[in-house]
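Letter by letter, the chains look like this.
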Amino acid sequence: MSKTTISANGLSIEVKYNGLQGDYISLTDIAKYKTSENPGYVIQNWMRTRSTVRFLGLWERFHNPDFNCLEFEAIEQEAGLNSFVLTPKRWIESINAIGMISKQGRYAATFAHQDIAFEFASWISPEFKLYIIKDYQRLKSDENSRLSLGWNLNRELSKINYHIHTDAIKHHLITNNISSKAQSFVYANEADVINVALFGTTAKMWRDNNPDLSGNIRDYATLQQLIVLVNLESMNAELIKLGLTQAERAVRLNKMAIEQLLTLEKHSQNKQLEF
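So, here's what we can say about the structure. If you're wondering where the values come from, they're calculated on a predicted model, not measured in any experiment. (Residues numbered from 1 in each chain as written. Predicted model: local features only at pLDDT ≥ 70, side-chain atom pairs only at ≥ 80, totals over all residues. Heavy atoms only, no water.)

Nonpolar side chains in soluble globular proteins generally cluster together in the buried interior. In this structure, Leu27, Ile30, Trp91, Met100, Phe120 and Ile132 are the most contacted members of the largest nonpolar core, which totals 40 residues. With six residues, helix α6 (residues 114-124) is the largest single contributor of residues to this core. Every residue in contact with Trp91, bar those within four places of it in the chain, is listed here: Met47, Val53, Leu56, Gly57, Glu60, Phe72, Ile75, Leu86, Asn96, Ala97 and Met100. Residues Leu226, Val228, Leu253 and Met256 belong to the second largest nonpolar core, which totals 17 residues. (Core = buried A, V, L, I, M, F, W, Y, C linked by side-chain atoms within 4.5 Å. Buried < 20%, exposed > 50% of the residue type's maximum accessible area, 1.4 Å probe, protein only. Helix = DSSP H or I, 4+ residues; strand = E, 2+ residues; numbered from the N terminus. Contact = heavy atoms within 4.5 Å.)

So this is what it looks like as structure tokens:
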């Protein structure tokens, strides 16, 4: 999800996901609760108070390793004076703020991290803030449900796809005179080829390092890892049919896992940062 909207007492408010930094909510849309004609002025009036400046500075101290303390101190000293003016653009550029994002141009808008957005909403109207929080919680609940569904579907797909993998092992790596115990070892050993290629550890090593967790290593994979897992199982089956050694396959599968995970992560970040 790169962007969506919530509804607060009939007012539509845009929400964007900014990667690991979290959700950013449109202050411009929230300000329209006061006036739809000049929401930017509402934001500036809020930002020029000393209490707001201190709150914004405290948030940046907690979350921003590149926070410019010296510039903040200068701004804090000015705050509260009749001549003091603080815009989102000045705040971002002066102290290297990450809690706000300002869009300039025809569709100018200011977004702020949810912590800051809720503080702004309190200043606008405590009642309106509750409407925002209520629908925002609904949004996050729906989002978690969709992610859970996607994970479960991919986990089931990986289990079904595993038969393609085991069939290739059965027909190309297991001979007729091998014992049942030896067959189990071959299957487990080939499964670990994929585990090491994708997770960097074998199933046994994972169990030894996580004695309190139930299930296996694949039950704790991310959505992206499950997608790659399905691809690796299919690829390993084809490489087995081609007669490649386990060492050769391990190298190829690890390279494939790294490339695909990087691609999925890059695609996910690009979607999240589309403003």
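In this section: the pattern of salt bridges. If you walk through the whole model with that rule in mind, you get nine salt bridges. A salt bridge links Arg54 to Glu76; the nearest nitrogen and oxygen atoms lie 3.3 Å apart. Separated by 22 residues along the polypeptide, Arg54 in helix α3 (residues 50-63) and Glu76 in helix α4 (residues 69-78) bring together distant segments of the chain. You can call Arg54 partly exposed: its relative accessible area is 45%. When its relative accessible area of 22% is taken as the criterion, Glu76 is described as partly exposed. Note that Lys241 is salt-bridged to Glu238, the shortest N-O span being 3.5 Å. Here Lys241 and its partner Glu238 are both found in helix α10 (residues 223-241), three residues apart, which amounts to about one turn of the helix. Owing to a relative accessible area of 43%, Lys241 belongs among the partly exposed residues under this scheme. (Salt bridge = Lys/Arg side-chain N within 4 Å of Asp/Glu carboxyl O.)

Mapped onto the fold, Asp135 is located in helix α7 (residues 126-172). Among all residues touching Asp135, those that are not within four sequence positions of it are Ile6 and Ser7.

For α3, built from 14 residues, the straight-helix expectation of 20 Å at 1.5 Å per residue is met to within 8% by its first-to-last C-alpha distance of 20 Å. Here α3 has its buried residues at Thr52, Val53, Leu56, Gly57, Trp59 and Glu60. Angular distribution of buried residues about the axis of α3 spans 160 degrees; they occupy a single face of the element. Seen from the open side of α3, the exposed residues pointing more than 90 degrees away from its buried face are Ser51 and Phe62. (Expected span 1.5 Å × (residues − 1). Arc of directions from axis to C-beta.)

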